[in-house]
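# Reading the structure
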Amino acid sequence: MSKTLTFRKMNTADIDQVLNVEKQSFTLPWSREAFFNELNHNQYAVYMVIEDEGKIAGYCGAWIVIDESHITNIAILPEYRGQKLGEALLRKMIEISISMGVVRMTLEVRVSNAVAISLYEKLGFQKGGIRKNYYTDNQEDAYVMWVNFS
């Protein structure tokens with residue numbers, strides 16, 4: 001990993017690399033069409049990537065509606081995990097969201113994903129409820145987590 005990691009807004013030219021991150025991170029990865037639609041047709045969508053010398057190491061997406069931000073997904077390539085890039089990326093999305101007038105942020109996370117839950121709690125998120133059978137691959141429940149910025 002280089003010492004020159006950069007954050008920038010995701011664009012359609014990034015979709016192939018983002019799909020690689022997706023496939024290595026999730027049992028039900030999003031499709032090319034889903035990312036294309038998010039970037040080109042969803043007025044609420046904000047997507048960021050973190051790059052290591054031109055290689056996308058991870059990405060984060062959010063929907064920003066009025067004063068709320070909903071994290072749609074966040075993922076880091078396996079070889080970059082454990083280096084706090086997910087935290088840096090989420091902090092960047094929080095910063096962008098706040099600059100756009102967001103006062104609270106939410107997300108869903110697998111109840112079994114202790115690493116992610118620990119990160120979210122570190123950044124102030126609290127469990128606010130459970131979505132039963134949220135994940136269609138194995139019917140696992142999701143915690144709904146919230147953080148208020150005001």
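Per an unreviewed UniProt entry, the chain is named [Ribosomal protein bS18]-alanine N-acetyltransferase, and its organism is Peribacillus frigoritolerans. What UniProt states about the chain under its Function (unreviewed entry) heading is, verbatim, "Acetylates the N-terminal alanine of ribosomal protein bS18." The UniProt entry for the chain carries this comment under Sequence similarities (unreviewed entry): "Belongs to the acetyltransferase family. RimI subfamily."

## Some words on the sheet that holds strand β2 (residues 45–52)
The strand order across the open sheet built from seven strands is β1-β2-β3-β4-β5-β7-β6, with neighbouring strands paired in mixed fashion. Either end of the sheet is taken by a strand with one partner, and the two such strands are β1 (5–9) and β6 (126–131). Taken over all neighbouring pairs, the strand axes of this sheet differ in orientation by 25 degrees on average, direction set aside. Inspection of the sheet shows strand β5 (residues 104–110) paired to strand β7 (residues 142–148) by seven bridges, in the antiparallel sense.

## Notes on the layout of surface pockets
Over the atoms rolls a probe the size of a water molecule, and in doing so it shows where empty space is left. One number sums up the size of the largest pocket: a volume of about 1,200 Å³. Along its surface, the largest pocket is lined by 36 residues, and Phe26, Ile74, Asn113, Ala116 and Tyr120 are the ones closest to its centre. Per-element accounting of the lining of the largest pocket gives the leading share, seven residues, to strand β4 (residues 68–76). Within the lining of the largest pocket, the residues separate by chemical class into 18 nonpolar, 11 polar and seven charged.

## Concerning the packing of aromatic side chains
Within the structure shown, the criterion is met by five aromatic pairs. Where tryptophan 30 meets phenylalanine 35, the ring centres are 5.3 Å apart and the plane angle is 45 degrees; that geometry is what we call tilted. We classify tryptophan 30 as partly exposed; its relative accessible area is 27%. Residue phenylalanine 35 is classed as buried on the basis of its relative accessible area of 0%. Considering the side-chain rings of tyrosine 134 and tyrosine 135, the 5.0 Å spacing of their centres and the 85 degrees angle between planes classify their relative orientation as edge-to-face. By relative accessible area, tyrosine 134 is classed as partly exposed at 36%. The exposure class assigned to tyrosine 135 is buried, which follows from its relative accessible area of 17%. Through a chain of ring-to-ring contacts, the aromatic side chains of Trp30, Phe35, Tyr47 and Tyr59 assemble into a single cluster. A cation sits over an aromatic face here: lysine 127 above tyrosine 143, 4.4 Å from the ring centre.

## Remarks on the UniProt feature "domain: N-acetyltransferase" (unreviewed entry) in the chain
Mapped onto this numbering, the UniProt entry annotates "domain: N-acetyltransferase" (unreviewed entry) at residues 5–150. End-to-end, the C-alpha atoms of residues 5–150 are 30 Å apart, and along that stretch the chain is 31% helix and 36% strand.

Analysis parameters
Residues numbered from 1 in each chain as written. Predicted model: local features only at pLDDT ≥ 70, side-chain atom pairs only at ≥ 80, totals over all residues. Heavy atoms only, no water. UniProt positions renumbered as here; feature names shortened; annotations may be inferred. Pairing = 2+ DSSP bridges. Helix = DSSP H or I, 4+ residues; strand = E, 2+ residues; numbered from the N terminus. Axes fitted to C-alpha atoms, helices over the stretch in contact; angles between N-to-C directions. 1 Å grid on protein atoms, 1.4 Å probe; cavity = no way out; pocket = protein on both sides within 12 Å on 5 of 7 lines; lining within 4 Å. Points joined across faces, edges and corners; volume = space filled by probe spheres on them. Nonpolar A, V, L, I, M, F, W, Y, C, P; charged D, E, K, R; others polar. Phe/Tyr/Trp six-rings, centres within 6.5 Å; stacked < 30°, edge-to-face > 60°. Buried < 20%, exposed > 50% of the residue type's maximum accessible area, 1.4 Å probe, protein only. Lys NZ or Arg CZ within 6 Å of the ring centre and 35° of its normal.

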